[in-house]
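# Remarks on the overall topology
Each chain, letter by letter, is given below.
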Amino acid sequence: MKASAFSYARATSVANALELLTAHGDRAKVLSGGQSLMPAMNLRLISPELIVDIGELAELRGIAVSGCILTIGALTRHVDLQRSPDVAAHAPLLTEAIAHVAHPAIRNRGTIGGSLAHADPASELPACMVALSATILVRGPKGERRIAAGDFFKGIYETALSPDELLMAIELPVGGPNSAHFFHEFARRHGDYAIAGLAAQATVDGDAFTELRLAFFAVGDRPVLASAANRLVDVRVTPAILSEASAALAEELNPQEDHQASASMRRHLAKVLMQRCVSTLLGRSDLNTGGVA
Ligand SMILES: Cc1cc2nc3c(=O)[nH]c(=O)nc-3n(C[C@H](O)[C@H](O)[C@H](O)COP(=O)(O)OP(=O)(O)OC[C@H]3O[C@@H](n4cnc5c(N)ncnc54)[C@H](O)[C@@H]3O)c2cc1C
């Protein structure tokens, strides 16, 4: 199938892109890497009247560290994230996760801003943003807004962005000396969207977590920051405590059922991921019971 007829405008500046979006409202769509937008248009899931191509806006591209903040421009491509020494040094969770996003051809064009604005609940990057306590910078006709990642994702393909706003950049706090991360997903094949996944960021002091952020993906309508993780912080984790946290996790998740997995399978996989994460980050093989505790 081919997309319905549409008009195309190449934005010459951020101000120009915002003017076009303001003038056309929800009849316009921003084009970044096109790796999600074009398939959706070709399948006629959406039929915008105008495409606003922001691909030439250099100010939306790039990765920079200033003080304790890592800033990533919205147009930064997946491949550039994957290769960035700054990302590897200050947000290694992202470096690890990006290798699981689709395939090289898609990573060569897809952008972080597109991935976050698209807000697929099975996507890796939105969960990383939640785990890393990112702030998302957006700009619209009324000025700039800074939105915590936890408030940005509103549902399946739904975000806090208005049709007349652009996602500009992402700010990440750089990891401290005791920070640790864990990433794993279950997918049918490497590069496929996950059936269930976990992006985790932690601070470990001796044999305990002083902070543990577990952001699950593909187990709800948006990334889920698990409250069950709080049970594992500032305590010596025992198999009994982990088992209680596992049960609490299963209670708080409300996974969807689809052609890939039932809701109970996704709950089970999430428990397996939590146990693997905790045993890996604490270096305690006795805590990995395969998710069945
Ligand atoms: C075969 C295939 C497999 C894939 N597998 C995965 C996977 O495993 N994991 C995964 O996470 N993704 C996967 N993707 C999606 C891919 O990562 C996309 O690159 C990404 O989701 C969107 O980035 P983009 O730059 O291409 O955005 P686009 O397709 O250009 O845009 C996506 C949406 O975001 C909006 N948008 C884009 N940029 C902005 C902005 N700056 N401000 C406001 N709105 C904006 C667009 O209007 C559109 O609605 C896959 C895609 C394909 C085709």
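Reading the values: the criteria
Residues numbered from 1 in each chain as written. Predicted model: local features only at pLDDT ≥ 70, side-chain atom pairs only at ≥ 80, totals over all residues. Heavy atoms only, no water. Pairing = 2+ DSSP bridges. Helix = DSSP H or I, 4+ residues; strand = E, 2+ residues; numbered from the N terminus. Axes fitted to C-alpha atoms, helices over the stretch in contact; angles between N-to-C directions. Contact = heavy atoms within 4.5 Å. Buried < 20%, exposed > 50% of the residue type's maximum accessible area, 1.4 Å probe, protein only. Polar contact = N/O pair within 3.5 Å; in protein donor to acceptor, adjacent residues only side chain to side chain. Phe/Tyr/Trp six-rings, centres within 6.5 Å; stacked < 30°, edge-to-face > 60°. Near = heavy atom within 4 Å. Areas by Shrake-Rupley, 256 points an atom, 1.4 Å probe, with all protein chains shown as cover.

## Topic: the sheet that holds strand 2 (residues 28–31)
Sheet architecture is open: three strands sit in the order 1-3-2, paired in parallel fashion. For this open sheet the edge positions go to strand 1 (7–10) and strand 2, each flanked by a neighbour on one side alone. Direction aside, neighbouring strands of the sheet carry axes that sit 25° apart on average. In this fold helix 1 (residues 14–24) packs onto strand 1, strand 2 and strand 3 (50–53), with an angle of close to 165° to the strand it touches most, strand 3.

## Structural notes on the side chain of R284
Within the secondary structure, R284 is located in the segment after helix 11 (263–282). Classification of R284 as buried rests on a relative accessible area of 12%. Here the side chain of R284 touches V237 through a polar contact of 2.9 Å, landing on its backbone oxygen. Those residues in contact with R284, other than ones at most four positions away along the chain, are R236, V237, T238 and S279.

## So, the packing of aromatic side chains
Evaluated as defined, the whole model comprises two aromatic pairs. Consider the rings of F152 and F153, whose centres lie 5.1 Å apart with planes at 85°: the pair is edge-to-face. We note that F152, like F153, is buried. Aromatic side chains F183 and F217 sit 5.7 Å apart centroid to centroid with 25° between the ring planes, which places their arrangement in the stacked category. On the criterion of sequence distance, the pair formed by F183 in strand 11 (residues 179–186) and F217 in strand 13 (residues 208–217) is long-range, its members being 34 residues apart. Each of the two residues, F183 as well as F217, counts as buried.

## Side note on the site of the ligand
Residues in close proximity to the ligand total 30 residues, the closest being V30, S32, L37, T111 and S123. In the environment of the ligand, an oxygen atom lies 2.7 Å from a nitrogen or oxygen atom belonging to the backbone of L37. Between the ligand and S115, the relevant distance is 3.5 Å, taken from an oxygen atom to a main-chain nitrogen or oxygen of the residue. Contact with the protein chains covers 89% of the free accessible surface of the ligand, which is 970 Å².

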